[in-house]
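# Structural overview for review
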Amino acid sequence: MSVTVLSFHISLSIIQNHWLKRKPLCSLSAMRLKTSLLKEPKHRELVSCVGWTTADELYSCSEDHQIFRWNLLNGETSLVVRLPEEIFPIDLHWLPKAVGGKKQTLAEVFVLTCTDGKFHLASKAGRIEKSVEAHHGAVLAGRWNYDGTALITTGEDGQIKIWSKSGMLRSTLVQQGSPVYCVAWGPDSDRILYTSGRRLIIKPLQPSSKVLQWKAHDGVILKVDWNAVNDLILSGGEDCKYKVWDSYGQPLYSSAVHDYPITSVAWAPDGEVFAVGSFNTLRLCDKTGVRNVVNDAMDILEFRDRVIKASLSHEHLVVTTSLQCYIYSVTNWNTPLIFDLKDGAVSLILQAERHFLLVDGGGIYVFSYDGRLTSSPKIVGMRTDILSAQAVSLSNDTVAVRDKVDEKVVFLFDALTGKPLGDGKPLTHKTEVMAIALDQCGPATDRKIALIDKNKDLYLTSVRRREQAICKIGTMVHTMAWNDSASLLCGIQDTQFTVWYYPHAVFIDRDLLPKTLFTKDASEFSRSPQILSYVGSQVTIRRGDGSLVYSSVSPYPALLHQYAGHAHWDDALRLCRFAKDQTLWASLAAMAIANKELNTAEVAYAAVGEVDKVQYINSIKELPSKESSLAHILLFSGYVQEAESLLLQAGLIYQAIQVNISLYNWDRALELAVKHKTHVDTVLAYRQRYLQDFSKKETNMRFLQYAEGVEVDWEKIQAKIEMELASERERAASASLRTSAAFPQ
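## Looking at the overall build of the protein chain
In terms of regular secondary structure, the protein chain is built from 13 helices and 51 strands. A total of 745 residues make up the protein chain; the buried ones form 51% of that total. If you take every contact in the protein chain between residues at least 6 apart in sequence, the share linking residues at least 24 apart comes to 45%. Accessible area for the protein chain stands at about 34,600 Å²; split by element, carbon and sulfur atoms hold 51% of it.

Quick look at the structure:
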């Protein structure tokens, strides 16, 4: 019987130019299996199992007792070893290439399970290093865990056993009355998934942990696979169906009934495609692509080696094969930039405007579009081969990576140097993080990161200004994406599609944030949709059944961001008056405050009916100095300590004291007055008036102490305040004159 060798043939559709300018694509237009049969079969009997050592090398075992090595680069096939006549292989699995966080050149050991109840540890050269009596009856499956420290086997006797790397029995984990046809490790190697008739069972290795089980098929389940990147489970059974589940046992997809039982299933390492095998049938389940609907133009790009991964965005196509990386510009498809790869098993490509990121089993690499290695962020002990697009994000200046060991932690690196940002400490959330995304525009100092935690809450925080808190901006958010050219964020929130026109408003005026949201019904996207991209005014969404749908968003928010970014406030006001959209007015109000543009903010707040804030803005405009105005703008956004520090640095002691009095921070106001030896009587006077208004008596010992030695005279206090303000006005006027003299018109 011949071995069927799989490879991918990829054709690329040239996409409409204004889409190509920015649109990120996760897949190409026509991705299908290309199968070939050898003219002279190497195996004479049924091929029972195969195993990949690298992206270009495959080992196969057969009932003819032979093991062959297949090289897909040169097409050569060689006999590795002829097994003893009593060995009939059932399953083969190679020791992982990445062990303990250290990258090995090649996986040198594989496990071979057999019908006689034994498993064998064999070397790459085919030498049997050790044979172990494991089960009564056939050993149906054997799998190494992800760090290569443990081996699990299942048998016809209904037992599941865990062994050390050297083949020593550690424990018998499961004993049941029916054969266990298949087993898979959980992503963190702390749980296993196995079959029990028609049921799937997830069992943690910790004895006290709860076992999760559910009926998955109407017939005996024959094969399962659990992907470490997307945390999804794939199963196939004698009911002639294959199904996809999440790790909680929730069904995500169920196929139609096939003609024959599903006998094999397997995820691709990156979790984006999977293969399903049945009698005389092989299916590749993949995402669909995009075609140029203007002129139906198509280019065929041929590659010397098999294509592993591809991404199209920001006017560049990046394609990785098993040996090289190709970088195409959309203006020139004939002469790509090409460089060699250390590890051909690229599992992830992310693109930003200025550079792109590759992830393989050896690490994370940032390259410029001219093929130059820009940086290589290092995370000690992390397995990079299981990183997904939900766990890694890239912008022009920042790389963010969620820790796989502690999912509350997000590592932040400078994209140009690969060094950790700031003091080197990672960003730590209060609960496990499920997805992260960096915004794609604006200066590096304003870079924001959005994250969804396991409670489906959406949070936003600053990447480089760690003093900003991690603020919640949404609940029950399942998926999200930033716009490619503006700080717009979209997501599917419960049963609604939501666009945050200005998510940064949470740091400026939290009360204004709900007024900056656009929402519409998301039922058309069906169950478990995923947002793929948000480009211009179009959002691309993949529904739960795999189909692509598109949703349009108003182009006005992006235009408003553009006007605000260039300080064209008159144009921004005209746009809002033309659109007559309260959401735009609210967004403009927050943008204006963020840029300290009080005149525009006053008009925008008035348009959304925030009368009290209009009055406060007017009071800020009447302040005598620039420092006072800036401090009260900070105070407007809730940054009390920053406002106080600014006033103290400017020598405006009374203003700093008055800020705390206005907020009833009495202890801090008195502390400042005593420290700077001024306005102690002012603090005591306002404190007494406050207590009188609420019919209370003084109980604070510090205030009682100072009240004994300080006389409160409101006339003197008012005179002193007027003198302070007059002095501030004079200093502001002098500073303005000096500026005018230095920069004459």
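## Brief notes about unusual backbone geometry
One non-glycine residue, Cys 240, adopts positive backbone phi at about 70 degrees. Inspection of the secondary structure puts Cys 240 in the loop between β22 (232-237) and β23 (242-246). Classification of Cys 240 as buried rests on a relative accessible area of 13%.

## A look at the pattern of salt bridges
Evaluated as defined, the whole model comprises 24 salt bridges. Here Asp 190 and Arg 191 are joined by a salt bridge, their closest N and O atoms 3.6 Å apart. Across the pair Glu 644 and Arg 668 runs a salt bridge, and its minimum N-O distance is 2.4 Å. On the criterion of sequence distance, the pair formed by Glu 644 in helix α8 (residues 640-649) and Arg 668 in helix α10 (residues 666-676) is long-range, its members being 24 residues apart. A residue is classified by how much of its surface remains accessible, and Arg 668, at 28% relative accessible area, is partly exposed. A single network of salt bridges, built from pairs that share partners, joins Asp 397, Asp 414, Asp 439, Arg 447 and Arg 464.

## Observations concerning helix α2 (residues 556-565)
Here α2 has its buried residues at Pro 557, Leu 560, His 561 and Ala 564. What you see down the axis of α2 is that its buried residues fit within an arc of 100 degrees, all on one side. In this structure, the buried residues of α2 make contact with α3 (569-579) and α4 (582-594). Where α2 ends, the next residue or the one after it, Ala 567, has phi of about 60 degrees, a positive value.

## Some words on the sheet that holds strand β45 (residues 477-482)
Backbone hydrogen bonds are what pair the strands of a sheet, in a parallel or an antiparallel way. Strand order across the open sheet formed by four strands is β45-β46-β47-β48, with antiparallel pairing between neighbours. Edge positions in the open sheet fall to β45 and β48 (517-521), since each of these has one partner strand only. Here the average twist between neighbouring strands, direction ignored, is 20 degrees.

## Re helix α5 (residues 598-607)
Three or four residues apart is the spacing at which side chains of an α-helix point the same way, because the helix has 3.6 residues per turn. The set of residues buried in α5 consists of Leu 598, Thr 600, Ala 601, Ala 604 and Tyr 605. End-on view of α5: buried residues confined to an arc of 150 degrees, all on one side of the axis. Residues of α5 that are buried sit in contact with α3, α4, α6 (611-621) and α7 (626-636). Of the residues one or two after α5, Gly 609 is the one with positive phi, at around 80 degrees.

## Topic: the confidence of the model for the protein chain
On average, residues of the protein chain score 85 in pLDDT, and 90% of them reach the 70 mark or higher. Considering only residues more than four positions removed or in separate chains, one finds that residues 1-31, a stretch of pLDDT under 50, has 118 contacts.

## Regarding the nonpolar core
Leu 458, Phe 497, Leu 588, Ile 593 and Tyr 605 are the most contacted members of the largest nonpolar core, which totals 62 residues. Counting 25 residues, the second-largest nonpolar core is a separate cluster that includes Leu 647, Tyr 654, Leu 670 and Ala 685.

## Observations concerning the side chain of Thr 583
Looking at the secondary structure, you find Thr 583 in helix α4. Not counting chain neighbours up to four residues away, the residues in contact with Thr 583 comprise Tyr 501, Lys 515, Thr 516, Leu 517 and Phe 518.

## Side note on the packing of aromatic side chains
Counted according to the given criterion, the structure contains 26 aromatic pairs. Taking the centre distance of 6.5 Å and the plane angle of 10 degrees together, the rings of Tyr 326 and Tyr 328 count as stacked. Comparing Tyr 326 with Tyr 328, the two get one shared label, buried. Between Tyr 616 and Phe 636, the aromatic rings sit 5.9 Å apart at their centres with planes inclined by 25 degrees, giving stacked as the arrangement. Of the two residues, Tyr 616 sits in helix α6 while Phe 636 sits in helix α7, which places them 20 residues apart along the sequence. Members of the aromatic cluster, each reached through a chain of ring pairs, are Tyr 242, Tyr 253, Trp 267 and Phe 274. Its end group placed over the ring of Phe 703, Arg 687 keeps NZ or CZ at 4.8 Å from the ring centre.

## Quick look at the pairing of strand β13 (residues 139-144)
Counting buried positions over the six residues of β13 gives five, a clear majority of the element. Hairpin remark: β13 followed by strand β14 (residues 150-155), antiparallel, with five residues in the connecting loop; positive phi at Gly 148, about 70 degrees.

## Here we look at the side chain of Ser 196
With respect to the helices, strands and loops of the structure, Ser 196 is situated in strand β18 (residues 191-196). At 3.2 Å, the side chain of Ser 196 and the side chain of Gln 176 are in polar contact. When near neighbours in sequence (up to four residues on either side) are disregarded, Ser 196 contacts Gln 176, Ser 178 and Ile 201.

## Considering the pairing of strand β32 (residues 332-340)
Both faces of the sheet carry side chains from a regular strand, because those side chains alternate between them. Pairing of strand β31 (residues 324-329) with β32, which is carried by five bridges, proceeds in the antiparallel orientation. Residue pairing in the sheet places Tyr 326 in a bridge with Ile 338 of β32.

## As for the environment of Asn 665
On the secondary structure map, Asn 665 appears in the loop between α9 (653-662) and α10. When residues no more than four places from it in sequence are discounted, the contact partners of Asn 665 are Val 640 and Asn 660.

## What about the packing of α10 against helix α12 (residues 701-709)?
A pair of packed helices can be characterised by two numbers: the angle between their axes and the separation between those axes. It is the contact of α10 with α12, at a shortest axis distance of 11 Å, that shows an interaxial angle of 40 degrees. It follows that α10 is oblique to α12 by the angle criterion. Handedness of the crossing formed by α10 with α12: left-handed. Residues Trp 666, Asp 667, Leu 670, Glu 671 and Val 674 of α10 form the contact with α12, whose participating residues are Arg 702, Phe 703 and Tyr 706. Looking at the contact of α10 with α12 residue by residue, the classes come out as five nonpolar, no polar and three charged.

## Overview of the sheet that holds strand β20 (residues 212-215)
Judged by pairing direction, the sheet is antiparallel, and its four strands sit side by side in the order β17-β18-β19-β20 without closing on themselves. Because the sheet does not close on itself, it has two edges, and the strands there are β17 (183-185) and β20. For this sheet the average axis-to-axis angle between neighbouring strands, irrespective of direction, equals 15 degrees.

Rules of the game
Residues numbered from 1 in each chain as written. Predicted model: local features only at pLDDT ≥ 70, side-chain atom pairs only at ≥ 80, totals over all residues. Heavy atoms only, no water. Helix = DSSP H or I, 4+ residues; strand = E, 2+ residues; numbered from the N terminus. Buried < 20%, exposed > 50% of the residue type's maximum accessible area, 1.4 Å probe, protein only. Contact = heavy atoms within 4.5 Å. Areas by Shrake-Rupley, 256 points an atom, 1.4 Å probe, with all protein chains shown as cover. Salt bridge = Lys/Arg side-chain N within 4 Å of Asp/Glu carboxyl O. Arc of directions from axis to C-beta. Pairing = 2+ DSSP bridges. Axes fitted to C-alpha atoms, helices over the stretch in contact; angles between N-to-C directions. pLDDT = per-residue confidence, 0-100. Core = buried A, V, L, I, M, F, W, Y, C linked by side-chain atoms within 4.5 Å. Phe/Tyr/Trp six-rings, centres within 6.5 Å; stacked < 30°, edge-to-face > 60°. Lys NZ or Arg CZ within 6 Å of the ring centre and 35° of its normal. Polar contact = N/O pair within 3.5 Å; in protein donor to acceptor, adjacent residues only side chain to side chain. Parallel < 35°, antiparallel > 145°, perpendicular 65-115°, else oblique. Left-handed = near helix turned anticlockwise from the far one by under 90°. Nonpolar A, V, L, I, M, F, W, Y, C, P; charged D, E, K, R; others polar.

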